[in-house]
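# Architecture and fold: a report
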Amino acid sequence: MTHREGLLARLDDRINPIVVKEMRQAVNGKFVAWTLVLLLVFQLVALGLFVISGGDFSTRTTGGRDAFLILQAIMLGACLLFVPAYAGGRLAFERSDANVDLLFITTIKPVAIVGGKVFCALAITTLIFSACMPFMVFTYWLRGIDLPSIFVMMAICFIEVAVAINMATLIACLPSGRVIKILLSIVLLFAFMVCFSITVGMSYQLASSGIGSKLHKWQFWEPALTVLLISGVVIGLLFSASTALLTPISANRALPVRVFITATWIAGGAISAVVCYADHSRVPLEVWGLLSAIVFAAALFVAVSEREALGSRVALAIPRNPFRRLLAFFFFSGAASGVTWAVASSMLTYAVFEILPRPFSVRSGASNGVRVWIIGLPLYAFCYSMTAVWLRRKLFSRRIGQRHTWALGLILLCIGSIVPFLVGFLAFFGNWGKIEEIGAWFVFNPFALGIDKFRTVYLTVAFIWALLAAAMNASWIGNQIEPFRAPDRVETLSL
Amino acid sequence: MRIEVLNLKKYFGDTRAVDDISFSFAAGEVVGFVGPNGAGKTTTMRVLATLEEPTEGDALVDGVSVVQEPERARRLVGYVPDALPTHRDISVHDYLDFFARAYGIKGAKRREVIESIEEFTNLTGIRGKMLIALSKGMKQRVSLARALLHDPPVLIMDEPAAGLDPRARVELRELLRELAGQGKAILISSHILTELAEICSGAVIIEQGKLRMAGTMNQLFTQSVPRRRVLIRAAGGLDEMLRDLLQTPGVEEAHIAGNEIAVDINGEEDACADVLTALVSRGYRIIEFKHQRAGLEDIFMRVTTGEVQ
């Protein structure tokens, strides 16, 4: 074997097996090729029609911009529709009981499985973007758009598709039935449509103002880096969650996710504090606080669906040192651990949000609106998730498994958000116009925290409800805290 | 190397797919896993293959728990499911290459392993074909080849002979014999009990998720059929011999079947020898005195009730 062959063989061994298989299948299969061909035909026809019907381009100053926006919409629409569906659909099929690929009984690691799938989907996205790029760059010659704007907007689209792929992957990894996955996919599709509309609208604004002239200004790079960082964190979060879902249930699978969230939470807080100090503005901390509140609120629904009994594999990893054991409790797999970690993190977020800006003498205090969301979202999430735990334990223990507690929590959230309001509307109001008057009927709706007049009422009710929910589940939490200790030596040996 | 299933339970809602079953077998043994449809065979096998987590209980493969250490258990188990691979966009060789990579087999060793497995399972001639284009027998071979890639000491095979033609079944049987000869522990489920009886050293019978019987073939025959049936061929006087037999101690039942007399004797081999001695001493000229073994089918019919969940 020559040196070159040896090098190639070593390189071949290092390639993720999933990437090798997916690429081979993409090349052999028809789906990717046909999607690409169809997309190119659409782009060609759209651009052709635009040029033919566009009139005199020598006098038209926005022809290139208009053409670019049409082509961008086609490319982004196709990518948001097909690539996540392709990646998520294949993974979901491989996860299903009916499948015989049995990828999940090999010794390949979950991180390699998710990484391989995401990488291949991104490779297909890159292929599609590369194929579309000549058409989009061509619009530069039709006037009304500069090249930096074209590339920056394509980069934004690529990031958006990358997030979409990771979301689809996460749904595919969920240990739930086909019906729940299809329902979640429909919800995701609506979210993609909203993102699509926002991106197209934003692209119009960006193309109109021109990015080329702003490239050397902090005014461009500050929001660009913020978006890039937040996207990176979202992708990382989705990726780590997907990996955790593929990890055997007996493993300490919540640990890497919680460590990742905590690390990015600390890093995000530090960066926000620095920018807050430099700009004398509270906005970075508001963004950080709001995003943290959303993540920890979602984490509460996930936490209540985790296993309640401590598996021996997790137990063996519990440190003997009391301080490290306390720290481990917050990060190790387990429902009570997850709930306490999310609650503690939410409280710390609020404390940092309130305390940190004071010595920085920032301009103006925080808007009351943001403060209310930072407190309210995790508070309501705690109420609903813990009520779901109590209901499952007391009423539905035979019908609903603990891993589906999140679904019960979401159903309660839907009921609490809609039903009281509907009852109030039907019984007393008779029309939809008096939003201030009917505000009290939104008392169980966390999305109504924006109504100024009732904020105090909402938070008070949510706080009392949270205390009640905590009291009702005190034994549930206590029963999980008590056995959280390393097994003694004899037990360890017997395992 | 020993495979132990310990008080395994798997519930799907109110349905008890597997209800507290325990059995074990060792390297070099081929164990038939028998039961009616819906008895819990596939669920048990999926638990052993780490595809399903049990509600309670555990299974140990060479001491490694499939619940606590599924990653380690996967190195020890090769699983052949009842469904076959049907991809239209991947060839036999690429499919095996992917799984070899997934099991962490690298470089030249991977090529060697794939080639030897292709040769062993007779896939060399069709390695370039797409999976969708293969016959059922060939797909079954691909499935077996995939399960053997990482040279697991334990093979779990769910209905590998279902739908195969006679030639493919005979070839599969030969492969299994060879694998057992290599010291692999094999758990195989099938509804073709006559074939199982030919290759299995033991069997586990379950019904409605519950263990009905388990042991070596000899143990099963003894446990399930306490009486022994012998066929006697003699030179003339069958009617007279039948009357004598019915009065002989130890004989429970006897009847003429063609030119032979079928006799059910209560007891072990000594009781059979006593009957033969009695006949000879009475002057009967015995041409043939042979033990008719009960088949796995007989045992299955005796120990199962035919009820479904």
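Above this text you will find the structure in question.
The following refers to the structure shown. (Residues numbered from 1 in each chain as written. Chains lettered and ligands numbered in written order. Predicted model: local features only at pLDDT ≥ 70, side-chain atom pairs only at ≥ 80, totals over all residues. Heavy atoms only, no water.)

## Here's the deal with a nonpolar patch on the surface
Together, A:Phe31, A:Leu81, A:Phe82, A:Val179, A:Ile182, A:Leu183, A:Ile186, A:Leu189, A:Phe190 and A:Met193 make up an exposed nonpolar region whose accessible area comes to about 960 Å². Within the residue set of the nonpolar patch, elements represented by two or more residues are helix 4 (63-95) and helix 7 (178-209) of chain A. (Patch = residues over 30% accessible without salt bridge, like charges linked within 9 Å, V, L, I, M, F, W, Y side chains within 5 Å. Areas by Shrake-Rupley, 256 points an atom, 1.4 Å probe, with all protein chains shown as cover. Salt bridge = Lys/Arg side-chain N within 4 Å of Asp/Glu carboxyl O. Helix = DSSP H or I, 4+ residues; strand = E, 2+ residues; numbered from the N terminus.)

## Some remarks on the sheet that holds strand 5 (residues 64-65) of chain B
Residue and element names in this part refer to chain B. Spatially, 2-1-4-5 is the arrangement adopted by the four strands of the open sheet, whose pairing is antiparallel. Here the strands that pair on one side only, and so sit at the sheet edges, are strand 2 (15-26) and strand 5. The pairing of strand 1 (residues 2-12) with strand 4 (residues 56-61) spans five bridges and is classified as antiparallel. Each residue of the ladder has a partner; that of Ile3, found in strand 4, is Val61. Taken strand by strand, helix 1 (residues 41-48) contacts strand 1, strand 2 and strand 4, and its axis lies near 120° from that of strand 1. (Pairing = 2+ DSSP bridges. Contact = heavy atoms within 4.5 Å. Axes fitted to C-alpha atoms, helices over the stretch in contact; angles between N-to-C directions.)

## What about the nonpolar core?
Core analysis: the biggest nonpolar cluster contains 94 residues, and B:Leu144, B:Met157, B:Ile186, B:Leu187 and B:Ile188 have the highest contact counts within it. Among the elements that take part in this core, helix 3 (residues 92-102) of chain B stands out by supplying seven residues, more than any other. In contact with B:Ile186, other than residues within four places in its own chain, are B:Phe25, B:Glu29, B:Val30, B:Val31, B:Leu155, B:Met157, B:Leu176, B:Leu179 and B:Ala180. Grouped together as the second largest cluster of nonpolar side chains are 64 residues, A:Ala303, A:Ala328, A:Ile374 and A:Trp406 included. (Core = buried A, V, L, I, M, F, W, Y, C linked by side-chain atoms within 4.5 Å. Buried < 20%, exposed > 50% of the residue type's maximum accessible area, 1.4 Å probe, protein only.)

## Overview of the side chain of B:Thr43
Topologically, B:Thr43 is positioned in helix 1. Sequence-distant contacts of B:Thr43, defined by excluding residues within four places in its chain, comprise B:Lys10, B:Phe12, B:Ala17 and B:Val18.

## What about the pairing of strand 6 (residues 77-80) of chain B?
Residues and elements named next belong to chain B. Side chains Val77 and Tyr79 project from strand 6 onto one buried face, and the interleaved Gly78 and Val80 project onto a second face that is buried too. With four bridges joining them, strand 6 and strand 7 (residues 154-158) adopt parallel strand pairing. In the sheet register, Gly78 faces strand 7, and the bridge partner there is Leu155.

## Overview of the interface of chain A and chain B
Listed by partner, the interface residues are 29 residues for chain A and 36 residues for chain B. Both sides of the chain A and chain B interface together cover about 3000 Å² of buried area, and 52% of this is carbon and sulfur. Connecting chain A to chain B are six salt bridges. When the shortest N-O distance is used, the salt bridge between A:Asp12 and B:Arg110 registers 2.9 Å. If you look at where chain A meets chain B, you find ten residue pairs in polar contact (both at pLDDT 80 or more). Put simply, the parts of the chain that give the side of chain A that touches chain B at least two residues each are helix 1 (3-14), helix 2 (17-28) and helix 11 (312-316) of chain A. (Buried area = accessible area lost by both parts, 1.4 Å probe. Polar contact = N/O pair within 3.5 Å; in protein donor to acceptor, adjacent residues only side chain to side chain.)

## Description of the packing of helix 13 (residues 335-355) of chain A against helix 17 (residues 474-481) of chain A
All names here are of chain A. Where helix 13 meets helix 17, the axes come as close as 8 Å, and the angle between the chain directions of the two elements is 110°. Overall, the two elements helix 13 and helix 17 adopt an arrangement that is roughly perpendicular. From helix 13, Ala335, Ala336 and Val339 reach across to helix 17, where they touch Trp476, Ile477 and Gln480. (Parallel < 35°, antiparallel > 145°, perpendicular 65-115°, else oblique.)

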